[in-house]
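The chain contents come next:
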Amino acid sequence: MSRCPAHEFTGTVAAVKRQHDPEQHCVTTLHTARRRRRRPNWAAAASPAAAPPVEPPEFGVALEPVLETPLVDASLAANDADFIGFIRRQYKLGDVRVARGKALRVLTALQMEDSGVQALSLQRDVLPKLELLEALSPGLGWKVLKACPEEFASPEALERWRLAAAYLHTIGIPPRQISALFARHRCLFKQAVAAPDNLRRLFQWLQRDLGLEAEEILKIVNRVPAVLHADVEGVLKPRLRFLLNLGLSQERVVTALQRMPELLGVDSRLLASKAAYLEQAAGMSRAEVAVQLVGDPAALLCSLAHLEEAVAWLSGELGLQAGLLRKVVARGGVAKYPVATLRERVAFWRGLGFSQAELTLMLDRMPRLLLYPMHAPKYQLKLAFLTEELRLPLSALVSFPAYVSYSLPRRIAPRAAAAREQGRDFAIQLLSRTDEAFAGWLGWDPEEWQAFAAAWQCKEDAARWADPQPPQPAALDCRDV
C-alpha cells in the first residue's frame with residue numbers, strides 16, 4: 001500500500017533536518033512545554049524592521065494526517081487530462097460550471113508560470129496536492145482549490161505548504177495542531193504560496209519579539225485569523241506602538257493581547273478615537289484608558305457609537321456626576337454592555353426599594369455593581385440568604401454592595417456558619433477578609449478553618465444554598481414524534 005503524502009513529507013524533511021544538524025534535531029523533538037519563555041525583544045516588536053537577517057534553513061516534522069489512507073480515488077478520472085470529470089466525481093459536484101471555472105483559473109495560472117503547458121495533468125498538477133489535503137481533513141482539497149485556485153496551481157505549492165508546516169513545528173506547535181490550523185484557516189495555504197516570507201515574519205514577530213509561546217500564538221491566530229494576511233511592518237507593529245504609547249509596560253501589552261487577541265485586529269486609528277473620546281467625555285486620564293485596555297479590553301472593542309450611547313446614558317438618565325462617571329466607566333466594565341441591559345439592571349435595584357441616592361452611593365463603593373444580573377436565580381438566592389439566614393435588611397447592601405460579588409456556597413454561607421458555630425454575629429464586611437484573616441477573627445488556625453469549610457460542604461445546608469443549576473432541555477418523548 002502506498003504511503004500517505006503527509007507521511008512521506010514527515011520522513012523526507014526529518015531526514016534533511018538530521019543532515020543539517022543531528023543534535024538540534026534531537027533537541028527540537030523534546031516536549032515543547034519544557035521550553036523556557038523567551039525574553040521579548042521589545043525594541044523590534046514595535047519598531048520598523050531593518051533588512052531581515054540571514055538565517056539558516058529551518059526544518060521540522062510535517063503536517064500530520066488525520067487519516068492514514070487518503071480519500072482520493074484517481075480511478076474516477078477517464079484519463080490524465082480529465083480534471084473536470086475527476087473533480088465532479090471525487091467531490092460529488094452537481095454543477096459542472098463551478099469545476100470548469102476553477103479548472104480554467106488553475107490552467108491559466110499554470111500557463112503564466114510555464115507557457116508550454118497545454119492542459120492540466122492530474123498526476124502532475126492535481127493529485128499530489130489533493131492527497132495531502134484530503135489526508136489532513138476530508139473535503140479540504142476541494143475547499144482549498146475553490147478558495148485559491150491560482151495558488152493551488154503553483155508548481156511550488158506542495159513544497160511551500162510542507163515548508164510552512166515544518167516552520168510552524170520548529171516554533172513548538174505539534175503536528176496535530178498544525179494540521180488543525182491549516183484545516184481551519186484555508187488562507188494559510190494561499191499565504192504559504194503567495195507570501196511565504198510574510199507568513200514567516202508574522203510567526204517570528206509573535207514568537208521572538210513578543211515572546212509568546214506556541215499555545216498563545218495559536219490562540220491569536222484562531223481568534224484573529226486576519227493577522228495571517230496582515231503586514232507585520234505596516235499594520236501590526238503600528239498597532240502595538242499605539243498600545244505602548246498609552247503608557248503601558250511591554251509586559252502589560254502582551255497581557256492585553258493574551259486576554260483579548262482581537263486587539264490586533266482593530267485599526268490603531270479606531271482605538272485612538274475611542275481613547276480620545278473617553279478622555280474627553282468621561283474625564284478619564286490616558287493612564288486610566290490604558291489600565292482599562294488591559295483589565296477589560298472588550299470595552300474598547302465595541303463601536304464608538306456604542307461608547308457614546310453608554311456614556312450619555314450614565315451621565316444623563318442615571319445622573320452620574322463627573323467624578324463618579326469617570327470611576328464607573330474606567331473601573332466598572334459597563335461600557336461594553338447594551339444600554340437596554342444596564343437600564344434593566346438599574347430598574348431591578350429600584351424595584352427592590354433602593355433610591356437614586358442609594359444607588360449612587362453603591363456605585364461609588366462598587367463601580368462594577370451593574371455587571372451583576374440580580375434578577376438571575378443565582379443572585380436571588382444570595383438576597384434570600386441575606387434576609388433569611390443573616391436576618392439583615394436589603395439596605396445593608398448600601399454599606400457593602402460587594403456582597404453580591406462573592407460566592408454563596410464557597411464563601412458567604414460557610415463563613416456565616418462558622419460565625420454561628422462560635423456564637424458570634426456575622427457582619428457581611430467580613431467577606432472581604434482573606435481566609436487567614438477570617439480564621440484569625442474566629443480564633444482558629446487557618447487549617448481549622450479549612451477543615452470546617454470542607455466539612456460544611458457535606459452538610460444539608462450546603463445543598464440548600466448551592467448555586468442553582470441551569471435548566472436542562474426536556475427529554476424527547478418518542479410518542480410526540
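Since we're looking at a predicted model, the values are computed, not measured.

Draft legend 1. Highlighting the packing of aromatic side chains. Across all of its chains, the model carries 12 aromatic pairs by this definition. Relative to Trp161, the ring of Phe152 has its centre 6.3 Å away and its plane inclined at 50°; by these criteria the two rings are tilted. In terms of burial, Phe152 and Trp161 fall into one category: buried. Between the aromatic rings of Trp349 and Phe354, the centroid separation amounts to 5.2 Å while the plane-to-plane angle is 85°, which identifies the pairing as edge-to-face. Judged by its relative accessible area of 0%, Trp349 falls in the buried class.

Draft legend 2. Representation of the pattern of salt bridges. Under the counting rule described, the total for this entry stands at 16 salt bridges. The residue Glu233 makes a salt bridge to Lys237 at a minimum N-O spacing of 3.3 Å. With Glu233 and Lys237 both in helix H14 (residues 232-245), this residue pair falls four residues apart, about one helical turn. The exposure class assigned to Glu233 is partly exposed, which follows from its relative accessible area of 27%. Arg464 is paired through a salt bridge with Glu388; the nearest N and O atoms lie 3.5 Å apart. Here Glu388 lies in helix H22 (residues 377-388) and Arg464 lies in helix H27 (residues 460-464), a separation of 76 residues in the sequence. Look at Arg464 and you get partly exposed, because its relative accessible area is 44%. Using a relative accessible area of 42% as the deciding quantity, one classes Glu388 as partly exposed.

Draft legend 3. Quick look at the environment of Leu202. Along the chain, Leu202 turns up in helix H12 (residues 196-209). Note on Leu202: relative accessible area 1%, which makes it buried. For the pair Leu202 and Glu233, spaced 31 residues apart in sequence, the C-alpha to C-alpha distance is 9.4 Å. Every residue in contact with Leu202, bar those within four places of it in the chain, is listed here: Val227, Leu228, Val232 and Leu236.

Draft legend 4. Representation of unusual backbone geometry. Not every positive phi belongs to a glycine, and Lys92 is a case in point at roughly 55°. Among the secondary structure elements, Lys92 is positioned in the loop between helix H4 (83-90) and helix H5 (96-113). With phi around 55°, Arg391 is a residue other than glycine that occupies positive phi space. Here Arg391 lies in the loop between H22 and helix H23 (396-399). Judged by its relative accessible area of 70%, Arg391 is exposed.

Draft legend 5. Geometry of the environment of Ala230. Examined against the element boundaries, Ala230 turns out to sit in the loop between helix H13 (214-223) and H14. If near-sequence neighbours (up to four positions away) are discounted, Ala230 is found in contact with Val235 and Leu236.

Draft legend 6. Layout of the packing of helix H24 (residues 408-421) against helix H25 (residues 435-442). H25 packs onto H24 with a crossing angle of 20° between their chain directions and a minimal axis gap of 10 Å. Considering their axes alone, H24 and H25 lie roughly parallel with respect to each other. Helix-helix and strand crossings are classified by hand; for H24 and H25 the assignment is right-handed. Contacts from Arg415, Ala418 and Ala419 of H24 reach H25 at Asp435, Phe438, Trp441 and Leu442. Looking at the contact of H24 with H25 residue by residue, the classes come out as five nonpolar, no polar and two charged.

Draft legend 7. Quick peek at the side chain of Gln191. Within the secondary structure, Gln191 sits in helix H11 (residues 187-194). Residue classification places Gln191 among the buried residues on the basis of a relative accessible area of 11%. A distance of 3.1 Å separates a polar atom in the side chain of Gln191 from the backbone oxygen of Leu228. When residues no more than four places from it in sequence are discounted, the contact partners of Gln191 are Pro196, Leu199, Leu228 and His229.

Calculation rules
- Residues numbered from 1 in each chain as written.
- Predicted model: local features only at pLDDT ≥ 70, side-chain atom pairs only at ≥ 80, totals over all residues.
- Heavy atoms only, no water.
- Phe/Tyr/Trp six-rings, centres within 6.5 Å; stacked < 30°, edge-to-face > 60°.
- Buried < 20%, exposed > 50% of the residue type's maximum accessible area, 1.4 Å probe, protein only.
- Salt bridge = Lys/Arg side-chain N within 4 Å of Asp/Glu carboxyl O.
- Helix = DSSP H or I, 4+ residues; strand = E, 2+ residues; numbered from the N terminus.
- Contact = heavy atoms within 4.5 Å.
- Axes fitted to C-alpha atoms, helices over the stretch in contact; angles between N-to-C directions.
- Parallel < 35°, antiparallel > 145°, perpendicular 65-115°, else oblique.
- Left-handed = near helix turned anticlockwise from the far one by under 90°.
- Nonpolar A, V, L, I, M, F, W, Y, C, P; charged D, E, K, R; others polar.
- Polar contact = N/O pair within 3.5 Å; in protein donor to acceptor, adjacent residues only side chain to side chain.

What is shown is where atoms sit, not what they do.
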